[in-house]
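Single-letter residue listing:
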Amino acid sequence: MERTRTTEVGQHVGERARVAGWLQSLRRMGGINFLVIRDGWGMVQAVTEADAELGPLQGGEMGVESVIAVEGMVLREAQAPGGFELHELRVEAITPVTEPPPVAINKRKLTASAGTLLDHAATTNRHPARRAVLRLAAGVMAGFRQALVERGFTEIQTPKLVASATESGANVFKLDYFGRPAFLAQSPQFYKQIMVGVFERVFEVGPVFRAEPHDTTRHLNELVSLDAEFGFIENHFTVMALLRDVIAGILAALNEAYQAELALLKVELPVVPATIPHIFFPEAQELILRRHGVDVRGEPDLSPQDERWLGEWARQEFGSDFLYVTGYPMGKRPFYTHADPDHPGYSNSFDLIFRGTELVTGGQRLHRYADYIAALEKAHLPIEPFAEYLEAFRYGMPPEGGFAIGMERLLMQLTGAQNIKLVTLFPRDLNRLTP
C-alpha cells in the first residue's frame, strides 16, 4: 500500500491507509493500546484493544523513536491528534530502537536546558516545536526568494572563500588556502554589488561568517544572510521601500503555508505598515534623552537598550512593530556607503528595528569609481586589494543599494525565543563547533 502522510490521513476516512514514521509514544490504558506515529509533517494516533495487532511492539523491546509503518482503517476521532485515528492495525518494524534517546522528545514541551538541547540537536530537532521553528526558517527563505523573483531579481551564489579581510570592521576567520592566506566571507557585499552590473537586481541566501568573540543571546558566528542589491535607485529610501515589501512578502508566505507551525509555536505575525515609520539617527538620540534621560548623543551607534526604547516608541507612536533608523554616522558605516548630501557627516543608510531589535542593515552605496578611490584614501585603506571589486565601478555602475536580513534574528523575534541559538539548525558561536 502506498504511504500516506500523517497530515493527509483525513482524506481517507472509511478506507485503509498506511503511515510510516517514528514511534512517538505507546500507552496502554485499561486494555487499550494507543500508538502515536510521527512523520516529517505531523502525528497520527493508532488504537487497538488486541495486543496481537501491535506486532513487533507487543513485546516491549522496541522503544520510542523506532521507525515503524502502521496500516489501519481511518476513523474520525475529535480527541485524537489531527482529528483522525487508525484502527484494525497492522504494524511493521523498519528500524527498531531499544535505548531511550538522550532527551525525552515525546513530551509536549522540551524541559532540558538550552545547552543540552543544542548538544543533542541531532535528536532534539525532531521534537515538533523544534521542527516547527526550523520549518519556519524554510518558509522565510522561500518567501524572501518569491518576493524578489516576482520583482525581477536574479538569485546568485557568491564565493565564501575570499582573499581580502578588509570588507568591513568585523573580525574574520583566517584559513590556509594552498599555502596562502584566505578568509571566510563576512558577507557577499562586494560580489552582489559587482553583479548589479550584470543583472541589475540580485539576491542571495547563504551563510556568512563573523569571527567576533560575542557570547550573547543575539549573536552567531555563522548565520544565514538574506541579501539583496539593485541598481537605478534614487537613494536609501528606495531600498527601504523594497525591504518593506520583502518583509511583507515573507510574512504573507508564512501566513499562507505555515499555519500549523505558527499555531504550534503561538506566533502572532506582525502587520507591516504600508509605510514603515522612520527616524533620523540624531533625532533618535535626542528622543532617547527626552524620554529616558540618557544622553547618547555623540555615540556612533545604538546600543541594544537604545533599540528596545525606540521599538517601544514606535509601538506607542505608530502602532508599528517596525521602525527605520536612518542616517547613521559615516564613521560607523563601511567605506562604500554613500554620504547624505544634506548632512555629509551622516550616511544614506539605515537599520530596521523589529520589536526592539536590529534586524536589517542597508543603504545606498557609492557607484562612481572616483568616489571609491577617495573613500579608500580617506579610510587609509590601500587600493590594490580592492582592484577586482573596483573594476565593476570603473566601467560604469548605476546608483545602487541593498540590504541584508539576518534570518535567525528574524526567527528569534517572530517566535519570541530568548536565545538566537534556539532558532538555529546547528549553531556556531564562541564555544560551539559541534554537532
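Preceding this paragraph is the structure being described.
Please read these numbers as outputs of a predicted model, since none were measured by experiment.

Trainee: I'd like to hear about the overall build of the chain, residue by residue, with values.
Mentor: The number of helices and strands found in the chain is 11 helices and 18 strands. A sequence separation of at least 24 residues applies to 64% of the contacts in the chain between residues at least 6 apart. As displayed, the chain offers around 20700 Å² of accessible surface, 52% of which is attributable to carbon and sulfur atoms. Distance between charge centres in the chain, computed from 43 positive and 54 negative side chains, equals 3 Å.

Trainee: Explain the pairing of strand β10 (residues 201-209) to me, using residue names and the numbers behind them.
Mentor: Across the nine residues that make up β10, a large majority, seven, are buried. Of the strand pairs in this sheet, strand β6 (residues 154-155) and β10 are connected by two bridges, and their pairing is parallel. Residue pairing in the sheet places glutamate 155 in a bridge with phenylalanine 203 of β10. Here β10 pairs with strand β11 (residues 222-231) via nine bridges, running antiparallel. Bridge assignment links valine 205 to a residue of β11, and that residue is leucine 226.

Trainee: Before we move on, could you go through helix α8 (residues 304-318) and cite the residues and values that matter?
Mentor: With 15 residues, α8 should cover 21 Å at 1.5 Å per step; its first-to-last C-alpha distance of 21 Å lies within 8% of that length. Where α8 is buried, its residues contact β12 (278-280), α7 (281-292), β13 (322-326), β16 (349-354) and β17 (357-365). Downstream of α8 by one or two residues, glycine 319 has phi in the positive range, about 65 degrees.

Trainee: How would you explain the nonpolar core if you had to name every residue and give the values?
Mentor: Within the largest apolar cluster, 49 residues are counted, with the highest numbers of intra-cluster contacts made by Phe144, Leu243, Val246, Ile247, Leu254, Phe403 and Ile405. If you tally residues by element for this core, the top one is helix α5 (residues 236-257), at nine residues.

Trainee: An account of the packing of aromatic side chains is requested, with residue identities and associated values reported.
Mentor: One pair of aromatic rings is described through two measures. These are the centre distance and the angle between the planes. Taken as a whole, this structure holds 18 aromatic pairs when the rule is applied. On the numbers, 5.8 Å between centres and 65 degrees between planes, the contact of phenylalanine 190 with phenylalanine 386 is edge-to-face. Residue phenylalanine 190 is located in helix α4 (residues 189-199), and its partner phenylalanine 386 is located in the loop between α9 (369-378) and α10 (387-394); the two are separated by 196 residues in the primary sequence. There is no split in this pair, since phenylalanine 190 and phenylalanine 386 are both buried. Where phenylalanine 190 meets tyrosine 389, the ring centres are 3.9 Å apart and the plane angle is 15 degrees; that geometry is what we call stacked. Note that phenylalanine 190 is positioned in helix α4 and tyrosine 389 in helix α10, a separation of 199 residues in sequence. Assigned by exposure class, phenylalanine 190 and tyrosine 389 land together as buried. Members of the aromatic cluster, each reached through a chain of ring pairs, are Phe190, Phe335, Tyr336, Tyr372, Phe386, Tyr389 and Phe393. A cation over a ring is seen here: arginine 333 above tyrosine 328, with NZ or CZ 4.1 Å from the ring centre.

Trainee: Requested: an account of the side chain of glutamine 193, with residues and values cited.
Mentor: Its place among the elements puts glutamine 193 in helix α4. For glutamine 193, a relative accessible area of 0% gives the class buried.

Trainee: Can you tell me about a nonpolar patch on the surface, naming the residues and giving the values?
Mentor: A surface patch of nonpolar side chains, amounting to about 350 Å² of accessible area, comprises Leu161, Tyr177 and Phe178. Take phenylalanine 178: it is sitting in the loop between β8 (174-177) and β9 (180-184).

Trainee: An account of the pattern of salt bridges is needed here, citing residue identities and associated values.
Mentor: Applying the stated rule across the entire model yields 21 salt bridges. Here arginine 38 makes a salt bridge to glutamate 65, at a shortest N to O gap of 2.9 Å. In this pair, arginine 38 sits in strand β2 (residues 32-38) while glutamate 65 sits in the loop between β3 (43-48) and β4 (67-76), placing the two residues 27 residues apart along the sequence. You can call glutamate 65 buried: its relative accessible area is 6%. Taking the shortest distance from any N to any O, the salt bridge between lysine 160 and glutamate 204 comes out at 2.8 Å. Here lysine 160, found in the loop between β6 and β7 (161-162), pairs with glutamate 204, found in strand β10; they are 44 residues apart in sequence, far enough to count as distant. The exposure class assigned to lysine 160 is buried, which follows from its relative accessible area of 18%. Among the residues examined, glutamate 204 registers a relative accessible area of 2% and is labelled buried. Salt bridges sharing partners connect three or more residues here, namely Lys192, Asp227, Glu229 and Arg365.

Trainee: Tell me about the packing of α7 against α8, and please be specific about residues and values.
Mentor: In a packed pair of helices, the relevant descriptors are the angle between the two axes and the axis-to-axis distance. Close contact between α7 and α8 brings their axes to 11 Å; oriented N to C, the two are set at 85 degrees. Relative to α8, the element α7 is oriented roughly perpendicular. Facing α7, whose interface residues are Ala284, Leu287, Ile288, Arg291 and His292, α8 presents Asp306, Trp309, Leu310, Trp313 and Gln316. Its residues assigned to classes, the contact of α7 with α8 comprises six nonpolar, two polar and two charged.

Trainee: Explain the sheet that holds β8 to me, using residue names and the numbers behind them.
Mentor: If you trace the three strands from one edge of the open sheet to the other, you get β7-β9-β8, paired in antiparallel fashion. Strand pairing shows two members of the sheet lacking a second neighbour, β7 and β8, which therefore form its edges. Pairing analysis gives four bridges linking β8 to β9, with the strands arranged antiparallel. What sits directly across from tyrosine 177, in β9, is arginine 180.

Basis of the calculations
Residues numbered from 1 in each chain as written. Predicted model: local features only at pLDDT ≥ 70, side-chain atom pairs only at ≥ 80, totals over all residues. Heavy atoms only, no water. Helix = DSSP H or I, 4+ residues; strand = E, 2+ residues; numbered from the N terminus. Contact = heavy atoms within 4.5 Å. Areas by Shrake-Rupley, 256 points an atom, 1.4 Å probe, with all protein chains shown as cover. Lys, Arg positive; Asp, Glu negative; His and termini not counted. Charge placed at Lys NZ, Arg CZ, Asp CG, Glu CD. Buried < 20%, exposed > 50% of the residue type's maximum accessible area, 1.4 Å probe, protein only. Pairing = 2+ DSSP bridges. Expected span 1.5 Å × (residues − 1). Core = buried A, V, L, I, M, F, W, Y, C linked by side-chain atoms within 4.5 Å. Phe/Tyr/Trp six-rings, centres within 6.5 Å; stacked < 30°, edge-to-face > 60°. Lys NZ or Arg CZ within 6 Å of the ring centre and 35° of its normal. Patch = residues over 30% accessible without salt bridge, like charges linked within 9 Å, V, L, I, M, F, W, Y side chains within 5 Å. Salt bridge = Lys/Arg side-chain N within 4 Å of Asp/Glu carboxyl O. Axes fitted to C-alpha atoms, helices over the stretch in contact; angles between N-to-C directions. Parallel < 35°, antiparallel > 145°, perpendicular 65-115°, else oblique. Nonpolar A, V, L, I, M, F, W, Y, C, P; charged D, E, K, R; others polar.

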